[in-house]
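Geometric and topological summary
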Amino acid sequence: MSRAKILLHGIAAILITPIVLSVFAAGFVWAWTVEKRASYPLFLAGACLLFALGVLSQFLRFPADDGQNALFSGALYTLAVLAVCRALVDRVVKSNISWFWYTFAFLSVMILLWYFFYIHKSLIARVYVQNFGYGLMFFVTAIRLRKEEHRHAVDKIIFWFLIIFAFQFFPRTVLTAGLAIPQDREAFRESAFWQVLQLSLAFFGSGLALSILAATLTDLIEQLRLDRDVDSLTGVLNRRGFDERVSSLLGRREADRWTLVLCDIDRFKSINDSYGHDAGDDVLRAFGGILTTHARSADLIGRIGGEEFALLLPSTGVDGACDFVQRLRVALKGECFSFLPSDRSITFSCGIAEWEVCMEYSDVYSVADRRLYLAKENGRDVSICSG
């Protein structure tokens, strides 16, 4: 093979990593453009681009000075690793996390790289600082993710890929770098450490990137489904979402006591007519918040009509449902609506029906609906559980 072909082969081998990472970055940016409420895809896109720039920085020798190049490429690699860690935690925890530890980790790596180039020059030390440092960052992130509930199979795949990816930094570096490593640039690229590093990044890095991209798409689909099934005003399920969740639950329901509660806000039309539709929206929003606050995690809540809500209470009989409804009444009467005169409060009526073994959902719904009608006919602000 001619020298020119060998050179082209080497260039292609080095450029393939930035090209692949750029494709992943485009995928994460696309996911963010579809659902902009989540910022973690941007962190992942940034991580891909930062790592790609780190590879190009070393390959193109920019900056040309060896020390500056080592620090510049090291900064890009470190920021890429931290961006991945931040994105993975943000995706699961969804809370504001202090930047202190990320800043501390970045500065620790950079100070050590500076020290082992300008004060006590040692390439092998810099290799260990970066590889052990990145492995530790990924391992700590994996432990943090372990504490959270894995909602999907892809979450478990990410966790185990992350554990394996973090662990391989340690034995791989020790076995391939040992206590010495070639100082010459060309010899370094031909060393066992560099070759195995590229192989591990290609296999484990691509696997981790693919699993994260799959998780991002899963989150996107789930969010779109949630937007389709949730009432934007009250934050509870809409009619379609409620019916689908009920069907899903009934499909795997074991013998248990289940109760359906249908609630209707009393004289809601007069609220709209007297105080305006904004006032009506305030009432609906407040009632939806009360339902969400007082319901258990297993309970289903849906807004199934204009001012009508449904609650499916598993492991609950009529007495438990009546106690629950009473707590809702107290909470609603405690709400302060600025548009209401002091002598008027918002109330609601309920029809309650307990599931019987031989009944279909439509049968239970009919019973609860009939009892709701009786409650409206009997003065409102009451609950009917029989008749």
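Everything that follows concerns the structure shown earlier in this document.
Residues numbered from 1 in each chain as written. Predicted model: local features only at pLDDT ≥ 70, side-chain atom pairs only at ≥ 80, totals over all residues. Heavy atoms only, no water.

**What to know about the side chain of K376**
- Tracing the backbone through its elements, the reader meets K376 in helix α13 (residues 361-377).
- Exposure remark for K376: the relative accessible area of 19% places this residue in the buried category.
- Apart from the residues lying within four places of it in its own chain, the contact partners of K376 are D264, I265, D266, R267 and S349. (Helix = DSSP H or I, 4+ residues; strand = E, 2+ residues; numbered from the N terminus. Buried < 20%, exposed > 50% of the residue type's maximum accessible area, 1.4 Å probe, protein only. Contact = heavy atoms within 4.5 Å.)

**Comments concerning the pairing of strand β1 (residues 258-265)**
- Buried residues dominate β1, accounting for eight of its eight residues.
- On β1, burial covers both faces: W258, L260, L262 and D264 on one face and T259, V261, C263 and I265 on the other are all buried.
- Relative to strand β3 (residues 308-314), β1 runs antiparallel, the two being bridged by seven bridges. Within β3, the position partnered with D264 by the bridge is E308. (Pairing = 2+ DSSP bridges.)

**Looking at the nonpolar core**
- Membership of the largest hydrophobic core comes to 50 residues, with the highest contact counts inside it found for F28, L88, M137, F138, L162 and I212.
- Counting residues per element, the ones that place at least two in this core are α1 (3-34), α2 (40-60), α3 (66-93), α4 (100-119), α5 (123-146), α6 (153-177) and α8 (192-229).
- Considering each element in turn, this core owes the most residues, twelve residues, to α3.
- Excluding anything up to four places from it in sequence, M137 contacts T78, V81, L82, C85, A105 and V109.
- One finds C263, F287, L328 and A331 within the second-largest nonpolar core, a separate group that totals 31 residues. (Core = buried A, V, L, I, M, F, W, Y, C linked by side-chain atoms within 4.5 Å.)

**Quick word on the packing of α5 against α6**
- Between α5 and α6, the least distance of the axes is 8 Å, while the angle of their chain directions is 160°. As far as their axial angle goes, α6 and α5 are roughly antiparallel. Crossing handedness for the pair α5 and α6: left-handed.
- Split into classes, the residues belonging to the contact of α5 with α6 amount to 19 nonpolar, four polar and two charged. (Axes fitted to C-alpha atoms, helices over the stretch in contact; angles between N-to-C directions. Parallel < 35°, antiparallel > 145°, perpendicular 65-115°, else oblique. Left-handed = near helix turned anticlockwise from the far one by under 90°. Nonpolar A, V, L, I, M, F, W, Y, C, P; charged D, E, K, R; others polar.)

**A closer look at the sheet that holds strand β4 (residues 348-354)**
- Within the open sheet, the five strands sit side by side as β2-β3-β1-β4-β5. Their pairing is mixed. Of all strands in the sheet, those with a lone pairing partner are β2 (300-303) and β5 (383-384), marking the two edges.
- Running at roughly 145° to β4, α13 makes contact with β1, β3, β4 and β5 of the sheet.

**A short note on the environment of F348**
- Relative to the helices and strands, F348 is located in strand β4.
- Under the relative-accessibility criterion, F348 is labelled buried at 1%.
- Separated by 193 residues in sequence, F348 and D155 place their C-alpha atoms 42 Å apart.
- Residues in contact with F348, not counting those within four places in the same chain, are C263, D264, I265, D266, F287, V325, L328, R329, L332, D381 and V382.

**A word on the pattern of salt bridges**
- Enumeration according to the criterion identifies 17 salt bridges in this entry.
- Here E244 ties to R228 by a salt bridge, and the two come within 3.0 Å at their closest N and O atoms. Of this pair, E244 sits in helix α9 (residues 239-251) while R228 sits in helix α8, placing them 16 residues apart in sequence.
- With relative accessibility at 34%, the residue E244 sits in the partly exposed group.
- Overall, the relative accessible area of 35% leaves R228 in the partly exposed class.
- Note that D264 is salt-bridged to K376, the shortest N-O span being 2.8 Å. Of this pair, D264 sits in strand β1 while K376 sits in helix α13; the two residues are 112 residues apart in sequence, bridging distant segments of the chain.
- Several salt bridges converge on common partners, so that one network encompasses R228, D229, R240, E244 and R245. (Salt bridge = Lys/Arg side-chain N within 4 Å of Asp/Glu carboxyl O.)

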